[in-house]
Amino acid sequence: MGFATFVATVTSVVTLGSGVRQLLSWWREHRAPARAPTSADIDTAKDILAGLVSEQWREETVLRSLGDPEPMPLPWRSTERRELVDHPGIIAKGAVAFPGLPMHIKDMACGFRALPCRRLVILGGPGTGKTTLAVQLLLELLRTREPGERVPVLVSAARWDERVHPRLQDWLAAFLAMDYPALRAEALGPGIPEALAARGELLPVIDGLDELPDHARTDMLRALNRSLCENDELILTCRTEQFAESVDELGDVLTASAVIEPQPMDAVAAADYLEACLPPVPRPAWSQVLHALRTGAAPALAQVTSTSLGLWLVRVTYIATRADPAPLLEYGKGSAAELHDHLCDELIPALVSARPPADGPAQPFRPQHAWTPEQVDRWLTYLCRELSASEVDTRDLAWWHLARHISTWPVRWGSGIAVGAVVALVCAVLGGVPVVGVGFGVLSMLLIVLTTGSWFREAPGHADFHLRGMILGLVKALPAGILVGVLGAVIGWLTGTLLRDPHMGMTAARQVGLLSGIGFVVVLSLVQWVERPATDASARSPRSTWLADRNLTAIRIAGGLAVGVIGAFVVWGTGLSFPVGLACGLVGVLIGLLVGRHHAWLAYNLTVPRLATRGSLPLRAMNFLDDAHRLGLLRTEGPYYQFRHVELQEHLARQLAEKKHRHREPVPLA
């Protein structure tokens, strides 16, 4: 045995021994029960989580100027709508926890801690500062957190699918593991996110219940009541109207929760807040504006700043941008509607300049892409125009509805010609028979043109792999499969006869017809088995429905591709050339693309480029819609986008109507 052989043998033995040792070690570790987190582990993890949450939301607070120099002094009081709140004695032992007086955020935190169950629902109309209050309260609870207190974490209601995680604790554990990976560090021990959620060491601050569809809101309230133990804490935000609808549908309230609503702010408090936001030596015009606001000389300005939305608009458009406030005095002496319009004119440029794109991971209040104010204004105006023209709903903006607002014939013919040209080129060049290639190309073109008309009216779907309906889908696909099989037999006979002889034509007819019929049945039944509409209950957000329909399209294409590949080899095995088999394989892909009842993602991708060439929307339309949501211009409710502030939508609609009216006005003769 040579030296090299000896070294190789020794090396192999050492390597094998090391592998066996590692395998035994792994087996022992997984056989032994997992170590449960100790109290010290839990306390350390809570401190780490509190620091991470504080750092995360403090940055957003600075970005949104929520606490500079102090939170808005908007009065909040316990709701007077008895049907929305539990028995008073259960909530605060007969005491009024939130009397409606101007309260500092410190007082709000004390009032929350005084609640026996520490559960709070923050209600209000659009733009009343629900999320702002939730973020401020979260930071104050973190700042004054005592040892052993629970850690508040803010989560979006749209991220909880109670069908996947029926219990609140399971969802919170999954949320922590995903959003705070530091809690899964080996030094903390195993199962820390699960332990924090299961032991009730968290205070979930669930924001935006109103952004879910109707049934999902009700299901979430039901899941919360089912999940909350006696000492579990909770903060929830929702619009008043949507919360009332969900409570009525559920037939119950959120157990042991105090419910508060905002009260109008008086002009003096609004002026004091604006003055505190200004630099020590502001523009001279500011003293006139504040004096007029305090004395009632600017009634429109007083009316606008009586809500957190109006106060925020003034601060964003004039204080943050260091603009001359003289127009506030001018419009403030007029009507509140005119002042609102003026502030809406300045809102988009102010937000775009104040919130630059995020450099790192996605952030809830920072866009991911750079847009100019002119682009944002133009694209939102287009969306506003399409909503105004809707005969069904003027509020809900669906991404799949974009395909309904332009003519489909150019897109369908263009797509048909492109697909037909590719098929004809492949068949003619690789098969060497131009006549057959042209025939296949024409058939493919007509197939695209005739079958894609319904795509632009279809709603999105998603893939559901439960076994129900599989046999029924197979039976429903049989008639269509027989028709496709006959068509495949005819095409196979023509191809084989033209290329070889009648005997080869009959062989090709039998092989191609059988394969295409069975393949179509398999693909179609597979699609009918997994394809389900993305109903409101399962549509958590616009992006989720977009991704779900895209994944469904990929599944259909993969099924068609599998049948096409098998068909290519079968046809090749009959004696025909492989390029002819490849052409038959392309037919399988085409079938997989066309079958099904949900093609919203495909229709969207066929439509948006046309809208982009006209300047109506960017080519990355979904990215723009997501960024408009992060900027605070749009909100989501289930699978739909909505304008966050109705005033902005109405303002853009009026601007568009006035522009159209000016264009229709006759030009006076000279």
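Structure's up top.
Residues numbered from 1 in each chain as written. Predicted model: local features only at pLDDT ≥ 70, side-chain atom pairs only at ≥ 80, totals over all residues. Heavy atoms only, no water.

Which parts of the structure should I look at to understand the overall build of the protein chain?
Of the regular secondary structure elements, the protein chain holds 25 helices and 10 strands. Relative to its 670 residues, the protein chain shows a buried fraction of 49%. Considering only contacts in the protein chain between residues 6 or more positions apart, those separated by 24 or more positions represent 78%. Only carbon and sulfur atoms are counted for the fraction: they give 63% of the accessible area of the protein chain, which is about 31700 Å². (Helix = DSSP H or I, 4+ residues; strand = E, 2+ residues; numbered from the N terminus. Buried < 20%, exposed > 50% of the residue type's maximum accessible area, 1.4 Å probe, protein only. Contact = heavy atoms within 4.5 Å. Areas by Shrake-Rupley, 256 points an atom, 1.4 Å probe, with all protein chains shown as cover.)

Whenever I open this one, the nonpolar core confuses me. Can you help?
Across soluble globular proteins, nonpolar side chains have a tendency to be buried as a group. One finds L49, I206, F243 and L380 to be the most contacted residues of the largest nonpolar core, which totals 155 residues. In terms of residue count, helix α15 (residues 336-354) provides more of this core than any other element does, nine residues in total. Not counting chain neighbours up to four residues away, the residues in contact with L49 comprise V151, V153, L176, Y180, L183, L196 and L202. (Core = buried A, V, L, I, M, F, W, Y, C linked by side-chain atoms within 4.5 Å.)

Explain the packing of α15 against helix α16 (residues 373-389) here, please?
A pair of packed helices can be characterised by two numbers: the angle between their axes and the separation between those axes. Two elements in contact, α15 and α16, have axes separated by 9 Å at closest approach and are oriented at 130°. Considered as vectors, α15 and α16 are oriented oblique to each other. Where α15 crosses over α16, the two elements pack in a sense that is right-handed. Note on element contacts: α16 touches α15 through P373, V376, D377 and L380, opposite I348, P349 and V352. Looking at side-chain class alone, the contact of α15 with α16 contains six nonpolar, no polar and one charged residues. (Axes fitted to C-alpha atoms, helices over the stretch in contact; angles between N-to-C directions. Parallel < 35°, antiparallel > 145°, perpendicular 65-115°, else oblique. Left-handed = near helix turned anticlockwise from the far one by under 90°. Nonpolar A, V, L, I, M, F, W, Y, C, P; charged D, E, K, R; others polar.)

Sorry, what's going on with the packing of helix α13 (residues 308-319) against α15 here?
Between α13 and α15, the least distance of the axes is 9 Å, while the angle of their chain directions is 55°. The angle between α13 and α15 places the two elements in the oblique class. In this structure, α13 crosses over α15, and the sense of that crossing is left-handed. For the pair α13 and α15, contact is made by W312, L313, V314, V316, T317 and Y318 and by H340, H342, L343, E346, L347, A350 and L351, respectively. For the contact of α13 with α15, the per-class residue count stands at nine nonpolar, three polar and one charged.

So what exactly am I meant to see when it comes to the sheet that holds strand β1 (residues 76-78) here?
As a general point, the strands of a sheet are linked pairwise by backbone hydrogen bonds and lie either parallel or antiparallel. Judged by pairing direction, the sheet is mixed, and its six strands sit side by side in the order β1-β6-β2-β5-β4-β3 without closing on themselves. A strand with exactly one partner marks an edge of an open sheet, and here the two such strands are β1 and β3 (151-156). Averaged over all pairs of adjacent strands, the angle between their axes in this sheet comes to 20°, without regard to strand direction. Two strands pair when backbone bridges link them, and strand β4 (residues 202-207) and strand β5 (residues 234-237) are joined in this way by two bridges, in the parallel orientation. The partner of I206 across the bridge, within β5, is L236. (Pairing = 2+ DSSP bridges.)

Teacher, can you tell me more about the environment of W399 here?
Along the chain, the position of W399 falls in the loop between α16 and α17 (409-431). A residue is classified by how much of its surface remains accessible, and W399, at 1% relative accessible area, is buried. Sequence separation between W399 and A600 is 201 residues; the distance between their C-alpha atoms is 8.8 Å. Ignoring any residue separated from it by four or fewer positions in sequence, one finds W399 in contact with P460, P542, T545, W546, D549, A600, W601, Y604 and M622. Within the structure, the side chain of W399 is placed 3.4 Å from the backbone oxygen of P542, a separation counted as a polar contact. (Polar contact = N/O pair within 3.5 Å; in protein donor to acceptor, adjacent residues only side chain to side chain.)

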